[in-house]
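As a plain string of letters, each chain reads:
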Amino acid sequence: PSSGESQLSRSPYLQLATEESITILWRTVGASQPGLRFGAAPDQLSNVLPPAQILIRVSPDLAGEDDLSPLHSAPVDTFQYEATISGLQPGTKYFYAVYDDGQELVGADADHYFETLPTASAGEPLRLWVVGDSGTGEAAPIAVFEAMQSYVIDDGRPVDGFLHLGDMAYEEG
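Residues numbered from 1 in each chain as written. Predicted model: local features only at pLDDT ≥ 70, side-chain atom pairs only at ≥ 80, totals over all residues. Heavy atoms only, no water.

## Details of the sheet that holds strand β1 (residues 7-15)
The strand order β1-β2-β7-β5-β6 describes an open sheet built from five strands, whose pairing is mixed. Looking at strand neighbours, the two that pair on one side only are β1 and β6 (69-70), the edges of this open sheet. By the bridge criterion, two bridges tie strand β5 (residues 54-58) to β6 in an arrangement that is parallel. By the bridge assignment for β6, Arg57 is matched with Ser69. (Pairing = 2+ DSSP bridges. Helix = DSSP H or I, 4+ residues; strand = E, 2+ residues; numbered from the N terminus.)

Okay, here's the thing in structure tokens:
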């Protein structure tokens, strides 16, 4: 399909945050010409990540085409984009949006942002949430998630980092 026909099959999510970098991943059904912009406010996305810095991985059915890296497993015709932004300022909030051939797919709003980690010497406390074996989709893991959400809202301080120890998803979760 043409780039305008591709659709998000997985919304952007964040990984590997550091003081000066972060990786943003998203997926489409079908190929796209991926782009990522970021900046200090949703309406100020003046920084453009060069396309050469966006790694493209594909579902096993497409592996071997155009020397693209294969995913371990994914639905047919899946393209995953991994955009690593570096050279950022520590402890700073950035907004972002992802694009297909210049057309915004998602972002450029108050919900699509990340914060780089503060410097280790900043002396600021960190709130980390460490979770494991969360993927059943049953009542107990959902209750843990909802309890943490309530705690953070009541306390008025967000989680600074999330570490997942494994067993994230099961066939029915």
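Alright, that's what it looks like, and here's the rest.
## Focus: the layout of surface pockets
Computed from the structure, the largest pocket encloses a volume of approximately 1700 Å³. Looking at the lining of the largest pocket, the elements with two or more residues in it are β1, β10 (113-115), β11 (128-131), α1 (139-155) and β12 (161-164). A per-element tally of the lining of the largest pocket places α1 first, with seven residues. Class assignment of the residues belonging to the lining of the largest pocket gives a composition of 28 nonpolar, eight polar and five charged. (1 Å grid on protein atoms, 1.4 Å probe; cavity = no way out; pocket = protein on both sides within 12 Å on 5 of 7 lines; lining within 4 Å. Points joined across faces, edges and corners; volume = space filled by probe spheres on them. Nonpolar A, V, L, I, M, F, W, Y, C, P; charged D, E, K, R; others polar.)

## Points about a nonpolar patch on the surface
Side chains of Leu126, Leu128, Val130, Leu163 and Leu165 sit close together on the surface and give an oily, nonpolar patch of about 510 Å² of accessible area. With respect to the helices, strands and loops of the structure, Leu128 is situated in strand β11. (Patch = residues over 30% accessible without salt bridge, like charges linked within 9 Å, V, L, I, M, F, W, Y side chains within 5 Å. Areas by Shrake-Rupley, 256 points an atom, 1.4 Å probe, with all protein chains shown as cover. Salt bridge = Lys/Arg side-chain N within 4 Å of Asp/Glu carboxyl O.)

## Details of the confidence of the model for the protein chain
Of the residues in the protein chain, 92% reach a pLDDT of 70 or more, and the chain-wide mean stands at 88. Across the protein chain, the secondary-structure element scoring lowest on mean pLDDT is β12, at 82, and the one scoring highest is strand β4 (residues 47-48), at 98. In the model, residues 1-5 has pLDDT below 50 throughout and makes nine contacts with residues more than four positions away in sequence or in other chains. (pLDDT = per-residue confidence, 0-100. Contact = heavy atoms within 4.5 Å.)

## A closer look at the nonpolar core
With 19 residues, the main nonpolar core has Ile24, Trp26, Leu36, Phe38, Ile85, Leu88 and Phe114 as its most contacted residues. Residue assignment for this core shows that the elements contributing at least two residues are β2 (22-29), β3 (34-39), β5, β7 (78-85) and β8 (93-100). Ranked by residue count, the leading element in this core is β7, at four residues. (Core = buried A, V, L, I, M, F, W, Y, C linked by side-chain atoms within 4.5 Å. Buried < 20%, exposed > 50% of the residue type's maximum accessible area, 1.4 Å probe, protein only.)

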